[in-house]
Amino acid sequence: MYINSLSKDDESKESSSYYVKKRILVLVHIDLIPPKDIDKSIDISFEPWITEYHVIETLNELKYDVDVLGVYDELSVIREKVNDFRPHVIFNLLEEFDGNVLMDQHIVSFLELLKQNYTGCSPRGLMLSRDKSLTKKILTYHRIATPKFQAFRKLTESKIKKIKLSKKLKFPLIVKCLNEDASLGISSGSVVKSHEKMIERITYLFEKFKADVIVEEFIPGKEVYVGVVGNNRLEVLPMIELHFDNVEKPELEIYSERAKWSKKHRHKKGVRIAVSKQNEELEKKLIKLSKRVFQVLELDGIARIDYRIDDHGNPYVIEANPNPNLAKDDELAVSWIKSGKPYKELIKKLITLSLSR
């Protein structure tokens, strides 16, 4: 794929033709750079770098000029690479900086200061959606249903012992890290039915992750994911539903760390995702609702909206995920492919959106 040079100076620097091959710089966590030599006969679907591998492989297949930069806690390496490689687009796969997930918005802000086109969500959308408490406050203001909640910040051992639960909250509740994603810290023990168990779970998350915590109502029912792609004109992808085929009460299951990342656990409980078949009225409601969530949280590029749908067909927004995982087997990519378009078109779409922002 080719584009016009940006200026005559750029043209001379290319030292050849008026047309230049699109240069794509892929930003990844330094520990998630895929190996160069991969035995494709081995199942790599549960490798931590699987998203990075699929994106980089596809960009190469699309004949872009691709470079990959691993980043941990230095901004200077980004500036140096930008000056050297002069990318047309930065494909942003960074989800944290210096081990802090809230810092991803600052990375994107830095890219904007460098006047670089980048894929995915803007800093403002990342800020509003990464903090689950802030997200829920905004949704509640706009009368969008979300489970009732209570957030606990800057915890200490003494503060945990004095926690008082809001009278608006009724058990069972689910206890989660306030800002983490990818189901970090979520297990069967996350759903609690008493104040004592809630305190135990908050203590566990505090001791293991030193994280702020959110406690919210647990909604028994289906878990459905809706992908939204676009900047101003939004495309809602086919809805994906989470299934637990080997359990008696799937409506009580949650997408825990093990359910996402443990091959053995997934097989045991029959965990799978598939296109969700809702009645026409609910489907129209979810399409409209997903666009509205995308807009009120000021998201752009790409996002996945996660719902729990109760026995009466009422949808509750659990969270919004800007820049969701893009591995071919993840919910967003599966949804895109189910819409009838190949995976490589998703990658091209994100690049197009970055240039038209």
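Everything in this summary refers to the structure shown in the same document. (Residues numbered from 1 in each chain as written. Predicted model: local features only at pLDDT ≥ 70, side-chain atom pairs only at ≥ 80, totals over all residues. Heavy atoms only, no water.)

**Let's talk about the overall build of the protein**
When you go through the protein residue by residue, the secondary structure sums to 13 helices and 15 strands. Relative to its length of 357 residues, the protein is compact, with a C-alpha radius of gyration of 21 Å against a globular reference of 21 Å. When its C-alpha atoms are laid out on the principal axes, the protein stretches across 70 × 45 × 45 Å. The proportion of buried residues among the 357 residues of the protein is 52%. Looking at the protein alone, contacts between residues at least 24 apart form 66% of all its contacts between residues at least 6 apart. (Helix = DSSP H or I, 4+ residues; strand = E, 2+ residues; numbered from the N terminus. Rg over C-alpha atoms; globule rule 2.2 N^0.38 Å. Buried < 20%, exposed > 50% of the residue type's maximum accessible area, 1.4 Å probe, protein only. Contact = heavy atoms within 4.5 Å.)

**Brief notes about the sheet that holds strand β5 (residues 89-92)**
Sheet architecture is open: three strands sit in the order β4-β3-β5, paired in parallel fashion. Only two strands of the sheet have a single neighbouring strand rather than two, namely β4 (65-71) and β5. Going across the sheet, the axis of each strand differs from the next one's by a mean of 25°, ignoring polarity. As defined by bridge partners, strand β3 (residues 23-29) adjoins β5 across four bridges and the pair is classed as parallel. When the bridges of β5 are listed, V26 appears paired with F91. Contacting β3, β4 and β5, helix α2 (residues 50-61) crosses the sheet at an angle of about 170° to β3. (Pairing = 2+ DSSP bridges. Axes fitted to C-alpha atoms, helices over the stretch in contact; angles between N-to-C directions.)

**Focus: unusual backbone geometry**
Backbone geometry follows two general trends: most residues other than glycine have a negative phi, and most peptide bonds adopt the trans configuration. Of the consecutive residues F171 and P172, the connecting peptide bond is found in the cis state with omega at 5°. Looking at the element boundaries, P172 is found in the loop between α7 (157-161) and β7 (173-177). Positive phi is not limited to glycine here, since D98 has a value of about 55°. The residue D98 is located in the loop between β5 and α4 (104-113) in this model. Owing to a relative accessible area of 43%, D98 belongs among the partly exposed residues under this scheme.

**Observations regarding the nonpolar core**
Counting 42 residues, the largest nonpolar core has L27, I78, V293 and Y307 as its most contacted members. The biggest single contributor to this core is helix α11 (residues 280-296), with six residues. Setting aside chain neighbours within four positions, we find L27 in contact with L69, V71, I78, I90, F91, N92, L93, L94, I107 and L111. Counting residues in hydrophobic clusters, the runner-up holds 25 residues, among them V55, L59, V89 and I302. (Core = buried A, V, L, I, M, F, W, Y, C linked by side-chain atoms within 4.5 Å.)

By themselves these figures say nothing about function.
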